[in-house]
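Geometric and topological summary
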Amino acid sequence: MRRTVVHGGTLATEYGVFAAHLVVEGGRITALSDDDAVLANADEVIDARGLVVLPGAIDPHAHFEDPGHTEREDFTTGTMAAAAGGFTTVFEHPLTYPPVTTVDLYTAKRDMAAEKVVIDFGLWGALTAPSLPHIEGQWREGAAGFKAFMPRSDPSYPNVSDDEMLEGMRTVAGLGGLVLIHAENDALLHGNIGRLRAAGRTDMRAHHESRPPFVEEEAVHRALFLARHAGVRVQIVHTSTPVSVGLVAAARDAGVVASAEVCPHHLILDLDDADRLGPLACCAPPVRARAVVEGMWERVLAGEVDCLVSDHSAYTLEEKGLGESDIFACPLGCQVIQETVPVVLSEAVHRRGMTLDAFARFSATNAARILGLYPRKGTIRPGADADLALWDLDAEWTVDPQAQQFSKNPWSPFAGRTIRGRVVRTMVRGETVFRDGEICVAPGHGRFLSSQDAPVPAPA
Ligand SMILES: [Zn+2]
C-alpha cells in the first residue's frame with residue numbers, strides 16, 4: 001500500500017494544535033507521530049515544516065449552477081476553486097436548472113457531478129411542495145438534507161408555506177435527515193420592495209432597506225419553532241445577524257438539534273463596502289451594518305456559529321450588471337468559494353485571536369458532525385480520510401480574481417483585499433489535488449458522500 005508522510009507540520013485540529021508527522025496509507029490517516037522513524041520507507045514525503053496542517057474545510061453550502069447555467073460555474077470549475085481555497089468536501093444545493101425536485105433529477109445530477117468533481121461532494125435534496133413525495137426517495141439515493149426557501153427565490157424553485165414546511169419537516173424527521181432553511185419573511189420583504197419601488201428607489205441601499213435584520217430574525221424564529229414541533233434537525237443557512245444566531249442557540253438549549261451557518265461576505269463586508277461594490281455585494285440576506293457584523297464576530301468567537309460556508313454563486317458580470325440600474329433586478333449571491341476560508345482565517349486568526357483548533361471546528365469539524373461525516377472527515381486522527389489543507393499562515397497576498405481564480409467568472413467582492421494565510425497544498429483522501437496554484441488531479445477524483453454510507457466508527 002502506498003505510504004505518504006506529511007513531514008514536520010503543525011497539526012491544527014479540533015482537539016488541539018501540536019507538531020507531528022502524519023502517516024497516510026490507502027487514503028486514510030494511519031498514524032500521528034513525532035518519531036522520525038516513520039519517514040523511513042515512505043513512498044512520498046511532503047515537507048510541511050513551517051506549515052500548519054488543518055483538516056480540509058467542508059462547505060455545506062455552494063451553488064455550482066450545474067446543470068442548466070454552466071456559463072456561471074460547473075462541478076469541475078467550482079470544485080477546483082474550492083480546492084484552491086482549502087476545501088476538501090462541498091455540499092451543493094438543489095437550486096439548479098431544472099431544480100432537483102424529483103428522485104430522477106437527483107440521481108441524474110449526482111451521476112453527472114461524480115464525473116466532474118475534483119474534491120468529495122454531497123448533494124442536498126429539495127423541500128418544496130411539489131417535491132414532498134420525493135423526499136424519502138432522494139434520501140435513499142444519498143441526500144442527507146433538504147433545502148427550503150421561506151421567501152420567494154427563483155420561480156422554478158417554489159418557496160414553502162408554513163404548512164408545507166412543517167409537512168416536509170415531519171417527513172425528514174422520520175428519516176433522521178436535516179432540513180436547511182433560507183429564513184427571511186416573504187411578506188415583509190416583498191411589502192418593503194413594493195413601497196421602495198413605489199418611491200422610485202432602486203439603489204443598493206434600497207436592497208438593504210428591503211431586508212432589514214428583523215425580516216430574517218422573524219423567519220428564523222418561526223422556522224425553529226416549527227422544527228421543534230416536528231422534532232427535526234435543522235440548519236439555518238447563512239445567518240447574518242447575532243439575534244438569528246442567538247435564536248438558534250436558544251433553540252438548542254431547548255432541545256432542538258439546530259445549527260447556524262455564516263458566509264464570508266457577512267463577516268467581512270459592511271454597508272460601506274456594499275455602497276462601494278454595488279451589485280457584486282448584492283446577496284440575501286444582505287450585507288449588514290458594521291455593528292451587526294461585529295455582533296456576528298462575537299458569536300463566531302464564542303463558538304456559537306457552527307459552520308463557515310461559502311454560499312458560492314458565480315453569476316456572470318453581465319447578470320450582476322442588471323443591478324446597476326435596478327438593484328431589485330440583480331441576481332442575489334456572491335462569487336466567493338476560493339477566498340472563503342483564507343479571508344475568514346486571516347480575519348479570525350490573525351486579527352481577532354481565534355485559536356486554530358476553534359478555526360478547525362468552525363471550518364470543518366462542526367460541518368462534518370452535522371453532515372454525518374465525522375470522524376471520517378473534519379478531523380486529523382487515525383482512521384480519518386486524509387483530507388488536509390497545508391497553510392503558510394504568514395504568507396500575505398492580495399486577491400486578484402483574474403490571475404488566481406478557477407471560477408468561470410473571475411470576480412470577487414474581496415478583490416484588492418490583502419489576506420494573511422495562503423493554502424499551499426490541498427489533499428483529498430491522501431492525494432494532492434491542489435498545489436502552488438495548480439490543480440493536480442483529473443475531474444472525477446472526488447467521490448459522492450451519501451446519506452446511506454455506513455458510518456465510520458467513532459474513535460476510542
Ligand atoms: Zn445559497
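Located above this text is the structure these notes cover.
Residue indices follow the written sequence of each chain, beginning from 1 at its first position. Where local features are concerned, this predicted model is filtered to residues with pLDDT of at least 70; where side-chain atom pairs are given and counted, the filter is 80 or more; whole-chain, interface and lining totals use all residues. Hydrogens and water are ignored here; the side-chain numbers use all heavy atoms of the structure.

Attention now moves to the packing of helix H4 (residues 162-175) against helix H7 (residues 213-230). Each pair of packed helices can be summarised by the angle the axes make with each other and by the distance between the axes. Here the axes come from fitting lines to C-alpha atoms, over the contacting stretch only for helices, and the angles between their N-to-C directions go from 0 to 180 degrees. Only DSSP runs of H or I with at least four residues qualify as helices, and only runs of E with at least two residues qualify as strands; both kinds are numbered from the N terminus onward. Between H4 and H7, whose axes approach to 9 Å, the crossing angle comes to 45°. Put simply, H4 runs oblique to H7. Judged by the twist between their axes, the crossing of H4 over H7 is right-handed. Of the residues in H7, those in contact with Asp162, Met165, Leu166, Met169, Arg170 and Ala173 of H4 are Arg222, Ala223, Leu226, Ala227, His229 and Ala230. In the contact of H4 with H7, the residues fall into 8 nonpolar, 1 polar and 3 charged. Working definition: roughly parallel below 35 degrees, roughly antiparallel above 145 degrees, roughly perpendicular at 65 to 115 degrees, and oblique for all remaining angles. Take the far helix as the reference: if the near one is turned anticlockwise from it by less than a right angle, the crossing is left-handed, and if turned clockwise, right-handed. By definition, residues are in contact when any of their heavy atoms lie within 4.5 Å. Amino acid classes used here: Ala, Val, Leu, Ile, Met, Phe, Trp, Tyr, Cys and Pro are nonpolar; Asp, Glu, Lys and Arg are charged; the rest, including Gly, are polar.

Turning to the coordination of the zinc ion, a few remarks are in order. Metal donors: N, O and S atoms at distances within 2.8 Å, or within 3.2 Å for Na, K and Ca, with water omitted from the atom set so that some sites may seem incomplete. All of the protein donors around the zinc ion are His61 (NE2), His63 (NE2) and Asp311 (OD); their distances to the metal are 2.0 to 2.1 Å. All donors to the zinc ion come from one chain, and their sequence spacing reads H-x1-H-x247-D. One end of the pair, His63, is in strand S6 (residues 57-63); the other, Asp311, is in the loop between strand S14 (307-308) and strand S15 (312-313), with 248 residues separating them in the sequence. Exposure classes here rest on a 1.4 Å probe applied to the protein chains alone. A residue is buried below 20% of its type maximum, exposed above 50%, and partly exposed in between. A relative accessible area of 10% means that Asp311 is categorised as buried.

It is worth spelling out the pattern of salt bridges at this point. The term salt bridge refers to a side-chain nitrogen of Lys or Arg lying within 4 Å of a carboxyl oxygen of Asp or Glu. Considering all chains together, one arrives at 39 salt bridges under this definition. When the shortest N-O distance is used, the salt bridge between Glu14 and Arg381 registers 2.9 Å. One end of the pair, Glu14, is in the loop between strand S1 (3-13) and strand S2 (16-25); the other, Arg381, is in the loop between helix H14 (356-370) and strand S16 (388-398), with 367 residues separating them in the sequence. With its nearest N and O atoms 3.4 Å apart, the salt bridge here joins Asp385 to Arg376. With relative accessibility at 17%, the residue Arg376 sits in the buried group. Within the structure, one salt-bridge network assembled from shared partners comprises Arg28, Asp120, Arg376, Lys377, Asp385, Asp387, Arg429 and Asp453.

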